Amino acid sequence: MTMNWTNIFLIWQREVRDQLRDRRMLFMMFVLPLLLYPLMGLSFLQLAQFLQEHPARVLIVGNPELPDYPALLEQNKSGNKLFSQEWLKDARHKAPLEVTPISERDFLAKASNSPALPDMPTAAEQATIDEAIKQHAKTIVDAEQVEIVLVFPPNFAKQLHDFQAWLLAHKRGENPGDKAPELPKPKIYGNTAKEKSQLAQFRVHEVLNRWQQAIGQKHLSDSMVPVDVLKPFEIEAVELAGEQQKEAAAWSKILPMMLILWALTGAFYPAIDLCAGEKERGTLETLLCSPAEREEIVTGKMLTVMLFSLLTSLFNLLSVGATGLFVMNQLGGMPGLKMGMPPVATLAWMALALIPISILFSALCVALASYARSNKEGQYYLMPLMMTVLPLVLLPMNPAMDLTLGNSLIPISGLMLLLRSLLEGEYARILPYIVPVLMVTATCCWVAVRWAVDQFNREDVLFRESERFDLRLWVKHLFLDKNETPSVGMALACVVILYMLNFFTQFAVAGAQKTNNAYFELFKSVLVPQLFCLLIPTLIMTLFLTTRPLKTLLMQRTAPLAVILAVVLAIVIHPTSLVLVEMLSRLYPIAAQAQEAMKEIKQNFEAIPPWLAILLISVTPAICEELAFRGFVLSGLRHWGSRRRAVILTAIFFGFYHSILQQSLNAVLIGVMIGYLAIKANSIWPCMAFHCTSNLLKVLHPMFLSQKDTPEAMEWLLQDPNLANPDSMRMFTPAIIVIGILAAGVILAWFGRLPLQRTREEKLWDQIHENRTLEMT
């Protein structure tokens with residue numbers, strides 16, 4: 001049965017009319033974008049007067065010791081000492097540097113423990129004097145009497161003169177000595193914990209560098225050496241980009257991120273009103289009783305939300321362009337770039353990219369809003385959704401992030417990178433990545449739409465009753481009214497607990513002091529995460545929150561043939577798994593830090609007996625990870641009703657529990673297969689057998705199938721290694737990979753014929769889908 005587009009149009013017309021009657025919605029969509037950004041620009045202009053820098057106060061100790069030419073200080077009309085304008089060439093700082101010169105004797109006289117100041121101090125006396133100067137400088141800087149204290153050593157001018165005299169004598173060939181006179185170093189005492197002191201210290205450093213260069217040039221000129229030897233050539237920068245190209249590049253770094261956030265916020269609030277708001281107004285029941293099907297209702301609401309998401313983004317886009325044209329130039333714009341209205345091509349690409357973005361966020365927001373029991377509760381869902389989307393939005397903002405095949409497969413991020421390249425006019429370079437980005441975006445949109453439709457097909461979601469949360473009653477209900485297996489909430493709570501324990505354990509292990517004991521290092525890096533972050537928390541939750549622990553952990557008897565076939569399945573799928581790992585490593589190269597950590601773990605495994613290495617790599621993860629994910633978590637998620645969704649979510653949780661990205665993606669795919677075995681066999685034993693065998697092959701493969709140690713009898717299995725990596729293992733031939741995939745299909749088909757034990761929610765879910773299938777036929 002196909003959807004009735006007349007019903008969809010009527011629902012869309014109804015929802016749009018209701019939204020247009022809401023004055024707050026009209027203000028947020030049409031009026032606020034036109035006022036917000038110009039007002040922000042004008043506010044910056046008004047506030048700019050408060051952002052002026054205050055004068056920086058510098059106390060110079062040792063003023064009589066400074067040379068007269070070139071002079072570091074000059075006297076203004078008021079008689080105050082200032083740094084010479086010749087050295088103040090930094091246009092970024094317009095605030096003056098107020099200078100207070102003082103002699104070393106007068107400065108030490110004000111110190112709390114003023115030491116004696118002899119004419120020719122010894123090394124010990126000079127150390128005491130330096131410490132007294134440091135302590136007094138710290139006192140006055142901390143008291144904010146000055147920002148920094150600049151100290152010149154005694155006889156600084158005289159020693160500069162002696163150095164110049166040595167240069168002249170050396171030039172005349174008078175042999176003044178091979179070693180030039182040593183020059184004491186001026187010292188700057190500042191407190192980098194205070195921003196004013198840190199900025200003043202930076203500026204004085206620049207002043208002293210320019211003054212030092214001038215002194216060096218004077219010494220060269222007095223020695224009859226051309227000053228050009230200090231700077232033998234000039235560097236000329238030639239700009240290749242035109243003004244329009246630079247302007248498009250500037251907008252490409254701003255607009256894609258803003259467009260994503262506008263589309264999200266523009267879709268969220270209408271979705272809350274159309275779903276949770278209708279629950280509060282009591283009009284949702286009337287709509288559900290209409291002749292329209294649930295898919296038609298969802299489609300009509302999604303089209304409405306999509307319309308408002310598009311309009312919100314477009315109005316904000318036009319407002320930002322107008323602000324860039326009329327306000328940004330008043331603020332000075334970007335260095336070397338005059339900001340204006342985005343180019344027409346930029347606006348066209350942005351409008352085109354808005355369509356899939358609006359579809360995706362509209363479906364997500366409708367699904368979330370349908371789960372909310374009230375308008376107020378729906379507002380709380382914006383932050384989790386924003387926290388999920390924000391990392392994907394900020395990732396392409398990294399200058400090192402470029403459009404590659406691997407990055408194009410990341411949802412939202414790949415679309416942003418593609419859009420950025422389009423705005424910059426790099427059309428030829430992005431051609432290979434258009435199809436992957438569109439495929440990933442279309443898949444995400446399809447999944448989001450199916451989720452929204454499924455939410456509207458569930459009565460327990462649409463008609464959830466509002467309830468007050470009482471912690472005491474909740475804990476009492478949790479422990480007294482236990483079920484045979486965990487609920488969905490318990491399964492999700494278990495995942496959160498496991499992730500948090502793993503997160504903090506990794507930091508604790510990384511921060512622990514390393515030893516040369518391989519046994520201790522492997523216990524710390526392998527056994528501790530497996531036992532204390534997976535096994536023990538899972539067993540505790542199973543014993544305290546369920547009445548049938550063995551059923552919860554799927555520790556039930558199964559046919560021995562199922563365990564044997566699981567082992568065979570792991571063997572035949574191993575070549576394909578290696579190909580996936582190789583492909584993922586090429587798409588997303590492993591970071592050098594992760595490679596170094598893996599290398600250290602490998603060295604520790606080589607230092608222990610092989611049986612112990614197999615126990616740690618193969619057996620321990622197979623037991624701990626399977627009991628946690630295919631046991632407790634999968635048993636709880638099955639109460640959602642959809643076995644497919646439970647298996648996929650469990651695989652995702654299982655995959656991203658691993659810290660290395662390439663390992664996580666491969667584990668997600670393997671986790672789907674293991675979850676299928678758990679559902680069909682209704683037992684954890686085939687899952688452990690598959691997991692243990694798969695990890696065992698990863699240990700044995702480098703031992704027996706490496707390039708140097710391959711037996712002649714097995715040469716027909718392998719092909720040449722990747723020439724770019726001579727240390728890599730020899731991969732299996734394509735024929736072996738194809739045979740393995742076919743064998744895996746036969747084994748999975750055998751598991752598919754096993755009798756299925758369904759939960760109560762799965763029986764209800766299957767009945768609903770059977771009824772829908774009958775209606776369609």
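The residue numbering used here restarts from 1 in each chain and proceeds along that chain's sequence as written. The predicted nature of this model means local features are confined to residues of pLDDT at least 70 and side-chain atom pairs, given and counted, to a pLDDT of 80 or more, with totals for whole chains, interfaces and linings taken over all residues. Hydrogen atoms and water are omitted, and side-chain values are computed over all heavy atoms in the structure.

Visitor: Would you take a moment to explain the packing of helix α8 (residues 255-281) against helix α16 (residues 413-423) for this structure?
Guide: Helix-helix packing: each pair is described by the crossing angle between the helix axes and the interaxial distance. Orientation is described by lines fitted to C-alpha atoms, with helices fitted over the stretch in contact, and by angles between N-to-C directions that extend from 0 to 180 degrees. Here a helix means four or more residues in a row that DSSP labels H or I, a strand means two or more in a row labelled E, and each is numbered from the N terminus. One can describe the packing of α8 onto α16 by two numbers: an axis separation of 9 Å at closest approach and a directional angle of 135°. If you check the angle between α8 and α16, you find them oblique. Judged by the sense of rotation from one axis to the other, the crossing of α8 with α16 is right-handed. Contacts between α8 and α16 involve Pro256, Met257, Leu259 and Ile260 from the former and Met416, Leu419 and Leu423 from the latter. Residue polarity follows a fixed list, in which Ala, Val, Leu, Ile, Met, Phe, Trp, Tyr, Cys and Pro are nonpolar, Asp, Glu, Lys and Arg are charged, and the others, Gly among them, are polar. Considering only residue class, the contact of α8 with α16 consists of 7 nonpolar, no polar and no charged. Angle categories: roughly parallel below 35 degrees, roughly antiparallel above 145, roughly perpendicular from 65 to 115, and oblique for all the rest. Handedness of a helix crossing follows the sense of rotation of the near helix relative to the far helix, less than a right angle counterclockwise being left-handed and clockwise being right-handed. For this analysis, residues touch if any pair of their heavy atoms sits within 4.5 Å.

Visitor: Even after reading the chapter, I still don't get the packing of aromatic side chains, so can you show me in this structure?
Guide: Pairs of aromatic rings are described using the distance from one ring centre to the other and the angle between the two planes. By convention, a stacked pair of Phe, Tyr or Trp rings (six-membered ring in the case of Trp) has centres within 6.5 Å and planes under 30 degrees apart, an edge-to-face pair has planes over 60 apart, and any other such pair is tilted. Under the defined criterion, the tally for this structure stands at 7 aromatic pairs. By the ring-pair criterion, three or more aromatic residues cluster together here, those being Tyr499, Phe629, Phe654 and Tyr657. The ring of Phe654 carries Arg630 above its face, with NZ or CZ at 4.2 Å from the centroid. Remark: a charge is flagged as sitting over a ring if the NZ atom of Lys or the CZ atom of Arg is within 6 Å of the ring centre and within 35 degrees of the ring normal. In this structure, Arg645 packs its charged tip against the face of Trp640, placed 5.9 Å from the ring centre.

Visitor: Help me understand unusual backbone geometry in this model?
Guide: Most peptide bonds adopt trans geometry, and most residues besides glycine take a negative phi value. Positive phi is not limited to glycine here, since Glu144 has a value of about 60°. Looking at the element boundaries, Glu144 is found in the loop between α4 (123-142) and β5 (148-151). Despite not being glycine, Asn682 shows a phi value in the positive range, around 55°. Overall, the relative accessible area of 11% leaves Asn682 in the buried class. A 1.4 Å probe rolled over the protein chains alone gives each residue an accessible area, and that area as a share of the maximum for its type sets the label: buried under 20%, exposed over 50%, partly exposed in between.

Visitor: Sorry, what's going on with the side chain of Thr485 here?
Guide: Looking at the element boundaries, Thr485 is found in the loop between α19 (471-480) and α20 (488-511). Exposure remark for Thr485: the relative accessible area of 13% places this residue in the buried category. In this structure the side chain of Thr485 is engaged in a polar contact, spanning 2.6 Å, whose partner is the side chain of His639. Each residue touching Thr485, except ones within four places of it in the same chain, is listed here: Thr546, Lys551, Thr552 and His639. By the criterion applied in these results, polar contacts are pairs of N or O atoms within 3.5 Å in which, for protein atoms, one can donate a hydrogen and the other can accept it, and in which residues neighboring in sequence qualify only through two side-chain atoms.

Visitor: How should I be thinking about the pattern of salt bridges in this particular structure?
Guide: Opposite charge on two side chains permits pairing when their charged atoms draw close. Any carboxyl oxygen of Asp or Glu that lies within 4 Å of a side-chain nitrogen of Lys or Arg is treated as forming a salt bridge with it. In total, this model carries 6 salt bridges according to the counting rule given. Residue Asp142 is joined to Lys138 by a salt bridge in which the shortest nitrogen-to-oxygen separation is 2.8 Å. Note that Asp142 and Lys138 are positioned in helix α4 at a spacing of 4 residues, about one turn of the helix. A salt bridge links Arg548 to Glu484; its shortest N-O distance comes to 3.8 Å. Of this pair, Arg548 sits in the loop between α21 (518-545) and α22 (549-552) while Glu484 sits in the loop between α19 and α20, placing them 64 residues apart in sequence. Residue Arg548 is classed as partly exposed on the basis of its relative accessible area of 40%. Residue classification places Glu484 among the partly exposed positions, given a relative accessible area of 37%. One continuous salt-bridge network, built from bridges that share partners, spans Glu484, Arg548 and Lys551.

Visitor: What is the right way to read α4 from this model?
Guide: Given 3.6 residues to a turn, an α-helix orients residues that are three or four positions apart in the same direction. Spanning 20 residues, α4 covers 28 Å between terminal C-alpha atoms, matching the ideal 28 Å at 1.5 Å per step. Turning to α4, its buried residues number three or more, namely Ile129, Ala132, Ile133, His136, Ala137, Ile140 and Val141. Taken around the axis of α4, the buried residues stretch over an arc of 160°, which confines them to a single face. Facing away from the buried side of α4 by more than 90 degrees, the exposed set consists of Ala123, Ala124 and Thr139. Where α4 is buried, its residues contact β1 (56-61), α3 (104-109), β5, β6 (187-190) and α6 (195-222). Once α4 finishes, Glu144 follows within two positions and takes phi at roughly 60°, a positive value. Helix span, expected: 1.5 Å multiplied by one less than the number of residues in the helix. What the arc measures is the spread of directions leading from the helix axis to the C-beta atoms.

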